[in-house]
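Understanding the architecture of this molecule
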Amino acid sequence: MESTGTIGRTITRTIFNMSDWSNVRADFPVLHQQVNGKPLVYLDNAATAQKPRRVIDALVRYYEQDNSNVHRGLHALSMRATDGYEGARARVAKFINAADPAEIIFTRGTTESINIVARSWSQAHLKPGDVVLTTEMEHHSNLVPWQQAAKASGATLKYVPVLGDNAEGGLDLAALDTLLTPAVKLFAFTHVSNTLGTVNSVDELCRRARAVGAITVIDAAQSIGHMPLDVRALGCDFLAFSGHKMCGPTGIGVLYGRRELLDKLAPDETGGGMVVQVNYEGATWKPAPERFEAGTPNVADAIALAAACDYLDALGREKIAAHDAELAALAYEKLRALPGIRLLGPTGARSGLVSFAFADVHAHDVVTFADEDGIALRGGHHCNQPLMRKLGLASTTRASFYVYNTPDEIDRLAASLQRILKFFGGA
Ligand code: PLP
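Residues numbered from 1 in each chain as written. Predicted model: local features only at pLDDT ≥ 70, side-chain atom pairs only at ≥ 80, totals over all residues. Heavy atoms only, no water.

**Remarks on the packing of helix H3 (residues 53–66) against helix H4 (residues 76–95)**
With their axes 10 Å apart at the nearest point, H3 and H4 run at an angle of 160 degrees to one another. By the angle between their directions, the pair H3 and H4 is classed as roughly antiparallel. Of H4, the residues touching H3 (which contributes Tyr62, Gln65 and Asp66) are Leu77, Arg80 and Ala81. In the contact of H3 with H4, the residues fall into 3 nonpolar, 1 polar and 2 charged. (Axes fitted to C-alpha atoms, helices over the stretch in contact; angles between N-to-C directions. Helix = DSSP H or I, 4+ residues; strand = E, 2+ residues; numbered from the N terminus. Parallel < 35°, antiparallel > 145°, perpendicular 65-115°, else oblique. Contact = heavy atoms within 4.5 Å. Nonpolar A, V, L, I, M, F, W, Y, C, P; charged D, E, K, R; others polar.)

**Topic: the sheet that holds strand S6 (residues 156–160)**
Reading across from one edge, S4-S12-S11-S10-S9-S5-S6 is the order of the 7 strands in this open sheet, with mixed pairing throughout. Every other strand in the sheet has two partners, leaving strand S4 (104–107) and S6 as the edge strands with one partner each. Direction aside, the axes of adjacent strands within the sheet are offset by 20 degrees on average. Across 5 bridges, the pairing between strand S11 (residues 238–242) and strand S12 (residues 253–257) is antiparallel. Counted as the bridge partner of Phe241 is Val254 from S12. In the packing of H4 onto the sheet, the strands contacted are S4, S11 and S12, and the crossing angle to S4 comes to about 115 degrees. (Pairing = 2+ DSSP bridges.)

**Regarding the domain arrangement of the protein**
Here the domain parsing of the protein yields domain 1 (2–51 + 316–423) and domain 2 (56–313). Just the C-alpha atoms count here: the centres of domain 1 and domain 2 sit 28 Å apart. Carbon and sulfur atoms supply 51% of the area that domain 1 and domain 2 bury against each other, a total of about 3100 Å² over both sides. Its largest share of buried area at the contact with domain 2, domain 1 owes to Lys51, Arg317 and Leu387, together 23% of the area lost on that side. In this structure, the connection of domain 1 to domain 2 is made through 2 salt bridges. For the salt bridge of Arg317 with Asp313, the shortest nitrogen-to-oxygen distance reads 3.0 Å. Where domain 1 meets domain 2, there are 29 residue pairs in polar contact (both at pLDDT 80 or more). Looking at the side of domain 1 that touches domain 2, the elements with two or more residues in it are helix H12 (317–336), strand S15 (341–343), strand S16 (353–358) and helix H14 (385–390). Tallied by class, the residues present in the side of domain 1 that touches domain 2 amount to 19 nonpolar, 11 polar and 9 charged. (Domains from an automatic or database assignment. Buried area = accessible area lost by both parts, 1.4 Å probe. Salt bridge = Lys/Arg side-chain N within 4 Å of Asp/Glu carboxyl O. Polar contact = N/O pair within 3.5 Å; in protein donor to acceptor, adjacent residues only side chain to side chain.)

**A few points about the packing of H4 against helix H11 (residues 299–315)**
With their axes 8 Å apart at the nearest point, H4 and H11 run at an angle of 40 degrees to one another. Taken as axis vectors, H4 and H11 run oblique relative to one another. Taken as a pair, H4 and H11 cross one another with a handedness that is left-handed. Where H4 abuts H11, its residues Ala81, Gly84, Tyr85, Ala88, Arg91, Val92 and Phe95 lie against Val299, Ala302, Ile303, Leu305, Ala306, Cys309, Asp310, Leu312 and Asp313. The class makeup of the residues in the contact of H4 with H11 is 12 nonpolar, 1 polar and 3 charged. (Left-handed = near helix turned anticlockwise from the far one by under 90°.)

**As for the packing of aromatic side chains**
Taken as a whole, this structure holds 10 aromatic pairs when the rule is applied. Centroid distance Phe423 to Phe424: 5.2 Å. Interplanar angle 75 degrees. Geometry classified as edge-to-face. The class of Phe424 is partly exposed, set by a relative accessible area of 32%. Of the aromatic side chains, those joined through ring pairs into one cluster are Phe28, Tyr311, Tyr402 and Tyr404. (Phe/Tyr/Trp six-rings, centres within 6.5 Å; stacked < 30°, edge-to-face > 60°. Buried < 20%, exposed > 50% of the residue type's maximum accessible area, 1.4 Å probe, protein only.)

**Quick notes on helix H15 (residues 407–423)**
An ideal rise of 1.5 Å per residue puts 24 Å on 17 residues; H15 measures up with 25 Å between its terminal C-alpha atoms. Within the span of H15, buried status applies to Pro407, Glu409, Ile410, Leu413, Ala414, Ser416, Leu417, Ile420 and Leu421. Phi turns positive one or two residues past the end of H15, at Gly425, with a value near 80 degrees. (Expected span 1.5 Å × (residues − 1).)

**Observations regarding the pattern of salt bridges**
Summed over the entire model, instances satisfying the criterion amount to 25 salt bridges. Between Glu204 and Arg208 there is a salt bridge, with its nearest N and O atoms 3.2 Å apart. Separated by 4 residues within a single helix, Glu204 and Arg208 lie in helix H8 (residues 202–211), roughly one turn from each other. Residue Arg208 is classed as partly exposed on the basis of its relative accessible area of 22%.

**Details of the state of the cysteines**
Under the criterion given, the structure shown has 0 disulfides. There is no disulfide at Cys247, and the cysteine sulfur nearest it, in Cys309, is 10 Å away. (Disulfide = S-S within 2.5 Å.)

**Things to note about the sheet that holds strand S18 (residues 378–380)**
Reading across the sheet, the 4 strands line up as S15-S16-S19-S18 and stay open at both edges, with antiparallel pairing between neighbours. Every other strand in the sheet has two partners, leaving S15 and S18 as the edge strands with one partner each. Taking each pair of neighbouring strands and ignoring which way they run, the sheet shows an average axis angle of 30 degrees. The sheet contacts of H12 involve S15 and S16, and relative to S16 the element is tilted by about 20 degrees.

**Looking at the side chain of Gln222**
By secondary structure assignment, the location of Gln222 is in the loop between strand S10 (215–219) and helix H9 (231–234). For Gln222, a relative accessible area of 10% corresponds to the buried category. From its side chain, Gln222 meets the backbone oxygen of Ala46 in a polar contact 2.9 Å long. Every residue in contact with Gln222, bar those within four places of it in the chain, is listed here: Ala46, Val192, Asn194 and Lys245.

**Let's talk about the site of the ligand**
Taken together, Thr110, Thr111, His139, Ser141, Thr190, Asn194, Asp219, Ala221, Gln222, Ser242, His244 and Lys245 are the residues near the ligand. Thr111 places a polar side-chain atom, nitrogen or oxygen, 2.5 Å from an oxygen atom of the ligand. A distance of 2.7 Å separates an oxygen atom of the ligand from a polar atom in the side chain of Ser242. Class assignment for the residues of the shell around the ligand results in 1 nonpolar, 9 polar and 2 charged. (Near = heavy atom within 4 Å.)

Shown next as structure tokens:
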């Protein structure tokens with residue numbers, strides 16, 4: 001289906017005039033395959049992004065040439081592995097403009113990063129009467145850990161509401177006036193919603209939290225690989241993200257924490273590598289980051305994550321953000337014309353995803369039919385069950401875009417959705 005909207009036509013032209021994105025596709029081996037006899041259209045990037053050759057090569061090179069355990073080895077391979085691992089830490093620090101590589105803790109991903117704060121920080125700081133504030137649009141990873149922390153400490157968990165029947169109004173910032181009181185000890189919020197495509201004003205949220213003395217935790221899972229991010233400019237206290245959503249490997253993620261906070265936190269996990277001295281009576285902890293990295297770390301994936309940082313910075317994160325947002329706007333425009341569609345999230349500027357529901361076709365049917373057309377989508381509650389319930393939905397279908405997606409692929413998505421609607425008698 002062709003878009004008849006002026007916005008759609010303008011957007012298509014802008015994308016074609018941007019830097020040469022067709023070269024980008026050549027960097028991703030996995031894209032060059034057929035699925036069900038059709039060229040693959042990968043639109044499940046919010047779940048996980050594909051990996052460029054540079055990242056895959058970094059992994060292979062490490063295992064072929066340098067593989068060894070880090071930190072305590074005095075032989076050549078161990079020193080190379082240590083240099084690679086600590087170099088990766090410095091590279092990630094630079095990627096988010098952290099003041100000090102020691103503020104970068106390698107974890108398994110966003111989920112583990114948030115859990116570390118929810119356990120370590122909350123245990124030491126929360127008590128009955130305190131409030132933990134989060135929002136109604138959080139992924140379960142930035143919601144369940146706070147429920148657990150509140151239960152364990154006796155603190156109360158409160159939510160900033162989302163506005164509108166389709167959450168098109170984003171967060172109710174006016175509600176912050178009453179919610180953000182000095183009783184709030186910690187405010188945890190997502191930068192970009194994985195279900196709505198809302199981009200929150202994280203700088204404002206950090207500023208307002210600081211004004212009442214609350215600690216801030218930003219879930220950057222959906223923003224880290226898609227837009228510039230500067231922790232010092234934001235002034236956030238903690239920030240969490242996953243490597244696999246930013247062209248890096250699975251199994252590696254980051255918890256950024258301000259040094260002065262990290263050094264005061266007790267470790268969540270204990271064991272080798274994080275201790276200064278151990279005797280039969282007890283142990284003392286190294287400073288951050290080692291304090292939070294008990295056991296053998298994920299050296300190979302950290303090194304490949306640094307390669308992903310290089311890759312994204314070479315493309316330019318401003319350009320990536322514009323590209324993703326333009327594709328999302330184009331998709332929004334085309335899908336809007338489909339009969340019976342309900343589109344979630346902002347009607348204007350959004351991140352690189354669209355999430356939608358049809359009255360009579362289940363999201364799982366949409367995803368299964370689209371797969372027949374070689375298109376990878378995601379259907380379900382997207383780990384946003386409370387938000388779905390609030391919006392009166394069991395599930396949505398989500399198409400999410402990244403650097404290698406093209407306007408032609410949006411045309412294929414729209415055509416596939418039309419075929420699905422026709423099959424189910426909706427068009
Ligand atoms: N937060 C958001 C907004 C997400 O979209 C996701 C994953 O989809 C997560 C947290 C959890 O990330 P991970 O599963 O990599 O820990």
